[in-house]
Structures are given as C-alpha cells and as structure tokens.
Amino acid sequence: MSSDRNKRFAGKVALVTGAGRGQGRSHAVRLAEEGADVIAIDICRPVASVSYEMASEADLEETKNLVEKHGGRAVTDVVDIRDYIKLEKVLAAAVSELGGLDVVVANAGIASYAPGHEITEEAWNDMVGINLTGTWHTLKAAVPHLLARGSGSSVVLISSAAGLIGPPNLAHYVAAKHGITGLMRSFANELAASGIRVNSVHPTQVETPMIMNDEIFQMFRPDLQDPTREDIIEVSTGMNALPTPWVQPDDVSNAVLFLASDEARFITGVALPVDAGIINKV
C-alpha cells in the first residue's frame, strides 16, 4: 500500500473558507498534506469596518500553489460568503469538478474592536454577516453535497474562545462566535442520523494578521502611543493559563484534522478549545 493511500484524507475533498492566508491557508495545506483535494475560497478584498489588510487574490493563489505542491488538486474562487447565490454556484461547480465533498472547514471570519455601545451599525452588520450568517450560508450550501456523499463526512466550524466566554470590546464578535457554537450543536443533531459529524474549534489568540495589527495592539496597550507586537506579549500571556501569548495556525489545524478524520468518528457536537487554558482560567 502506498504512502499516499495511508494518508488520513486520501481520496477526499475538503472545502475551506477564508483560505487566502492565516488559519484558512494552514487548514487547507494540512488537509492537502494528508491527501485531500481542496476547494479554497476567500473574499480577497477589504471589508469597510475592518482595519487590518484582508487576504488578496495573490494570497489565495499562493494557497492553491501550496495545496498542489503537496499533491492535492485545488479549486479556488473569490467568494464573499454573505452572497449565498454565488457561494452555492461556486461550490456546486467545484464539487462537480473534484467529484464530491467530504469535509467542510468553515473558517472565514473577521474581527474588529470597540466597547459594545460604541460598535457602529456597519461594524455589527459586517461581523454578523460574515462570521455568523456566512457560516450558516456555508453549511446551507455544503450539506446537500455531504448528504450525497453519504455517511462519514465531517464539518468543523472555527469559532473562538470568545464563542464560549465574553471578553470585553468584542460584543459583536462574541455574539457571532457564540452563534457559531449554537449552529454547530443544532447541525450536529440534525445530521447525526446521516452519519455526518459537526464540531467546532475554539482558539485563543492565533498569530495571524487578525491579531497582529495596530488596532489590537492599541486595544491591549492604550497606555502607549504606538504599541507594537512586542508590547502586547505580556498582557496576552497573562490571559492564558499556559505561558504563551498566542497559538500558531498549525495548532488549530491539528485539532481540525483530528475532528475531521476517522480518528474522531464518534465525536460530534463538541466544542473543542485550543485555547492555552484561557477558558478554564476565566
């Protein structure tokens, strides 16, 4: 038996949203390393209420190159997951090209920061539209393909530690991520009889552009005029029980791969923290 056939996702097709860079790219590449073909989508443009730079089409192309480097076929497209009609159309075409769908990693999301009563209408609508409604759209578009594939498919929703606790200055993010946790639990019950598992992953801060940007540096260190990454290490470390300021995308991807694999074949409806102990500490 060849080593390729021994890989956990050999012969399987995975959808990863928000795959242009950061966690999404990490999930896509790790799935490819384990034998999967990948459908990778990303918005690839700015979002008005988000201060940090979003992924570009060049970033998404690099994700495709990395997937193919590891032997996987890759289909990519620029999709705003708030646009259900386009999402459904793009996914159907990609599934037809690659021959099915086995794994969904609903990763796409944004972050912005303000006290709850100061969140703008635009920021609230962008946050809920992408992080929550977009996740539901992903499930709505993907589930028929998973049902067609039959028993053994898996869905992993990327929530957050903030999907289980309520940190300040993130009310819209917290509401959306709690909503993802709720979606996970309901879909897990709805799809269990068909042998499809649904779980969620809840990271603490992850070292990606969503965290490594001037807005969050200022939020954590309002006492400094121009705080940097180094200036938030101590306060970020203090949030977690384990002595680290943040985790890496690979740490989250390892949890995603476990939950999506047959190794977790009897695990569904689970909210799995990859949080360095922040939830337990709070």
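Criteria and cut-off values
Residues numbered from 1 in each chain as written. Predicted model: local features only at pLDDT ≥ 70, side-chain atom pairs only at ≥ 80, totals over all residues. Heavy atoms only, no water. Helix = DSSP H or I, 4+ residues; strand = E, 2+ residues; numbered from the N terminus. Rg over C-alpha atoms; globule rule 2.2 N^0.38 Å. Buried < 20%, exposed > 50% of the residue type's maximum accessible area, 1.4 Å probe, protein only. Contact = heavy atoms within 4.5 Å. Areas by Shrake-Rupley, 256 points an atom, 1.4 Å probe, with all protein chains shown as cover. Lys, Arg positive; Asp, Glu negative; His and termini not counted. Salt bridge = Lys/Arg side-chain N within 4 Å of Asp/Glu carboxyl O. Polar contact = N/O pair within 3.5 Å; in protein donor to acceptor, adjacent residues only side chain to side chain. Pairing = 2+ DSSP bridges. Axes fitted to C-alpha atoms, helices over the stretch in contact; angles between N-to-C directions. Domains from an automatic or database assignment. Buried area = accessible area lost by both parts, 1.4 Å probe. Nonpolar A, V, L, I, M, F, W, Y, C, P; charged D, E, K, R; others polar.

What follows deals with the overall build of the chain. A tally of helices and strands in the chain yields nine helices and seven strands. The C-alpha radius of gyration computed for the chain amounts to 18 Å, which stays within 12% of the reference 19 Å derived for 282 residues, consistent with globular compactness. In terms of overall dimensions, the chain has C-alpha extents of about 60 × 35 × 35 Å along its principal axes. Looking at the 282 residues of the chain, the share that counts as buried comes to 52%. Nonlocal contacts in the chain, meaning residues at least 24 apart in sequence, comprise 73% of its contacts between residues at least 6 apart. Taken as a whole, the chain presents about 12,100 Å² of accessible surface, with 52% of it coming from carbon and sulfur.

Our focus in this paragraph is the side chain of R197. Of note, R197 is situated in strand β6 (residues 197–203). Of the side chains with opposite charge, D262 lies nearest to the buried R197, which makes no salt bridge, at 5.6 Å. Within the structure, R197 has its side chain in polar contact with the backbone oxygen of I267 (distance 3.0 Å). Once residues within four sequence positions are removed from consideration, R197 is found in contact with S153, S154, V155, L259, A260, S261, A264, R265, F266, I267 and T268.

One key point about sheets: their strands pair by backbone hydrogen bonds, in either a parallel or an antiparallel sense. The strand order across the open sheet built from seven strands is β3-β2-β1-β4-β5-β6-β7, with neighbouring strands paired in parallel fashion. Both edges of this open sheet fall to β3 (74–78) and β7 (271–274), since each of them pairs with a single strand only. Adjacent strand axes in the sheet meet at a mean angle of 15°, parallel and antiparallel pairs treated alike. Direction of pairing for strand β1 (residues 13–17) relative to strand β2 (residues 37–42): parallel, over a ladder of five bridges.

Considered domain by domain, the chain is made up of domain 1 (13–211 + 248–272) and domain 2 (213–245). For domain 1 and domain 2, the distance between their C-alpha centroids amounts to 26 Å. Taken residue by residue, the interface counts 11 residues in domain 1 and 11 residues in domain 2. On the domain 1 side of the contact with domain 2, Y113, Q205 and I211 bury the most area, a combined 57% of that side's loss. Our enumeration of links across domain 1 and domain 2 arrives at one salt bridge. A salt bridge links R229 to E207; the shortest N-O distance between them is 2.8 Å. Remark: the boundary between domain 1 and domain 2 carries nine residue pairs in polar contact (both at pLDDT 80 or more). Here the side of domain 1 that touches domain 2 is built from residues that sort into five nonpolar, five polar and one charged.

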